[in-house]
Amino acid sequence: MTTTVAQTGLTPQLWDDQFFTSYVRANQFYRYMGTGEMDMIQVKSDLTKKNGDSVTYALVNDLTGAGVTGSTALLGAEEALMSRSFKVSVGLFRNAVTIHEWDEQKSAIDLRNAAKAQLRSWAVKKMRSDIIIALGSINGIPYITGNGNGTTGSSTAQKDAWLVDNHDRVLYGGAIVNSVSNVHATALGTVSAATGKLTYSAVSLAKRMAKTASPAIRPIELRSGEEWFVLFCNSMCFRDLKVSLATIHQDAEVRGKDNPIFHDGDLVYDGVIIREIPEMAHEGGVLGSGGELVAANYMCGAQALALAWAQKTVSRTDETDYGAQHGVAIQEIRGIRKMLFGKQAGVDVGDLVDHGVFTIWSSAVADA
C-alpha cells in the first residue's frame, strides 16, 4: 500500500485556500455574493490570472420600449441599449501577528494555525467594514472620514449633487416630499422620530420607487425567477421596523433551512429580505427635525456592489530576534465599490446614479 504525503510547499497553499474560503463565508454579506449580473455583489477574479490594477464591469439595464408588432418596420424603431462600463481599482491589504517566547521551533503551518483565529477575525471585519463604506459612498467617496484608509469623506456639495442625480432612489423619513429641496442636510432635517421611523409602508414605497426609477433598480433573482430586494438596516431602524411588522408577520416567507437566502432573525415583507447589520452606525453631526439620531439603510438589488480580486489571501511567516519572535502575515489585493451608472448619453461617468442601491434615511432614536 502506498501512502501519499502532501508536498511541503503545498501545505501553506492549502492553508491559504481554506483560510480564504472560511473568512469570506463568515462575512454577513457572503450569501449575496456571486459571479452573475443578477447577483447583488458581483464578484470578479480576473486579475488573479493576469496583471493589472483594475477590473471593468458591464452594466446593462432592461429594455423599456414596446417594440413593434405586425408588419410595422423594425428598422429605425430600434431601442438604444442602456449599457455602461464600470471600473473597480484594487489595493493591497495586509496584517500580521507575532508569537513570542516559543519553547521550541515551530513549523510554518503551526505558526499559521496559531494565528488563524486572530487573522480571520480581522479579515472578516475588514471586508464587512469595506462593504458598509461602499454602500454609503457618494460617487466612490466615503460618506464620512475615518474609514481606515486615510480618505477624506464626501463634501456637502458632493452630497447635494448626489441627491440631485439620485432623487428617485433615495427616501428621507418615508415621504418623497422630504427631498424636494435637493439639499441633503435639509432633507435629513425633515426626518422626525414621530413620522420618520422605518416602517413596512416605507419599505413598500422604497421598493416601488426602486422599480420605477430611471434606470430601474433590478431585484436579484432566486429559485425559478423569484425576485427579491435585500434591505440592510441599522439596529435602531431594524427595531422600529420589527415593531411595525408585528401585526403582519404571519405573511412572512418560510423561515429556516428551506429558504436558501433567509437567515434566522431576518424579517421579510413585500418581496424584501430585511437584515440587521449592527455595525451600520447612525449619522454623526447632522440630526433630524427634533434632534434625534438619523441612520441610512440600504435596499439592494442586482449589481449593487462590485468585488474585484487580484490576489486572494496568501500568508507569509517571518522570524526575528535570533529566533525568539515568530510572526505570520496575510495579504490580499482586492477592491470593493458601489456600482455607478452614468445616465448622461454616451458618457460612462456623467450624471452618476447608484446602479443597484436605494438609500432610506430613517430616525434611529436610541433605546431608553
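As shown above, the structure is provided for reference.
What counts as what
Residues numbered from 1 in each chain as written. Predicted model: local features only at pLDDT ≥ 70, side-chain atom pairs only at ≥ 80, totals over all residues. Heavy atoms only, no water. Helix = DSSP H or I, 4+ residues; strand = E, 2+ residues; numbered from the N terminus. Contact = heavy atoms within 4.5 Å. Salt bridge = Lys/Arg side-chain N within 4 Å of Asp/Glu carboxyl O. Buried < 20%, exposed > 50% of the residue type's maximum accessible area, 1.4 Å probe, protein only. Pairing = 2+ DSSP bridges. Phe/Tyr/Trp six-rings, centres within 6.5 Å; stacked < 30°, edge-to-face > 60°. Lys NZ or Arg CZ within 6 Å of the ring centre and 35° of its normal.

**Q** I keep staring at the overall build of the protein chain and nothing clicks. Help me out?
**A** Along the backbone of the protein chain there are six helices and 16 strands. Counted over contacts in the protein chain with a minimum sequence separation of 6, partners at least 24 positions apart contribute 73%.

**Q** Looking at this structure, how should I read the pattern of salt bridges?
**A** Close approach of charged atoms lets side chains of opposite charge pair. Per the counting criterion, the structure on display carries ten salt bridges. Asp 367 is the salt-bridge partner of Arg 239, the closest N and O atoms lying 2.6 Å from each other. Taken together, the residues Arg 239 in helix 6 (residues 235-244) and Asp 367 in the segment after strand 16 (357-363) connect sequence positions 128 residues apart. Using a relative accessible area of 25% as the deciding quantity, one classes Arg 239 as partly exposed. The residue Asp 354 makes a salt bridge to Lys 338 at a minimum N-O spacing of 3.0 Å. Taken together, the residues span a long stretch of sequence, with Asp 354 in strand 15 (residues 352-354) and Lys 338 in strand 13 (residues 325-338) at a distance of 16 residues. On the accessibility criterion, Asp 354 (0% relative accessible area) is buried. For Lys 338, a relative accessible area of 3% gives the class buried.

**Q** Honestly, the environment of Ser 121 in this entry has me stumped. Any pointers?
**A** Mapped onto the elements, Ser 121 comes out in helix 2 (residues 108-136). In sequence terms Ser 121 and Tyr 23 are 98 residues apart; their C-alpha atoms lie 7.8 Å from each other.

**Q** Could you clarify how one ought to interpret the pairing of strand 13 in this entry?
**A** Burial runs high along strand 13: ten of the 14 residues are buried. Taken together, the 13 bridges between strand 12 (residues 305-320) and strand 13 define a ladder with antiparallel strand orientation. Bridging from a neighbouring strand, Gln 311 pairs with Ile 333 of strand 13. The turn joining strand 12 and strand 13, which pair antiparallel and follow one another in sequence, is formed by four residues; a positive phi near 50° is taken by Asp 321.

**Q** Help me out: how do you make sense of helix 3 (residues 156-165) in this one?
**A** It helps to recall that an α-helix has 3.6 residues per turn; residues three or four apart then point in one direction. Along helix 3, the positions that sit buried rather than exposed are Lys 159, Asp 160, Trp 162, Leu 163 and Asp 165. On its buried side, helix 3 packs onto strand 6 (170-172), helix 4 (184-188), strand 15 and strand 16.

**Q** Would you mind going over the packing of aromatic side chains with me for this structure?
**A** The relation between two aromatic rings is expressed through the spacing of the ring centres and the mutual angle of the planes. For the structure on display, the rule yields nine aromatic pairs. Seen in terms of ring centroids, Phe 19 and Tyr 23 are 6.0 Å apart; in terms of plane orientation they differ by 40°. Their pairing is tilted. Of this pair, Phe 19 and Tyr 23 both sit in helix 1 (residues 10-25), four residues apart, which is roughly one turn of that helix. A relative accessible area of 0% means that Tyr 23 is categorised as buried. For the ring pair Tyr 200 and Tyr 269, a centre distance of 5.4 Å and an interplane angle of 65° mean the geometry is edge-to-face. Here Tyr 269 lies in strand 9 (residues 267-269) and Tyr 200 lies in helix 5 (residues 200-212), a separation of 69 residues in the sequence. Looking at Tyr 200, the relative accessible area reads 31%, which means it is partly exposed. Counting every residue linked through ring pairs, the aromatic cluster contains Trp 15, Phe 19, Phe 20, Tyr 23 and Trp 309. Sitting above the plane of the Tyr 57 ring, Lys 44 keeps its charged end 5.0 Å from the centroid. Seen from the ring of Tyr 143, Lys 159 lies directly overhead, with NZ or CZ sitting 4.0 Å from the centre.

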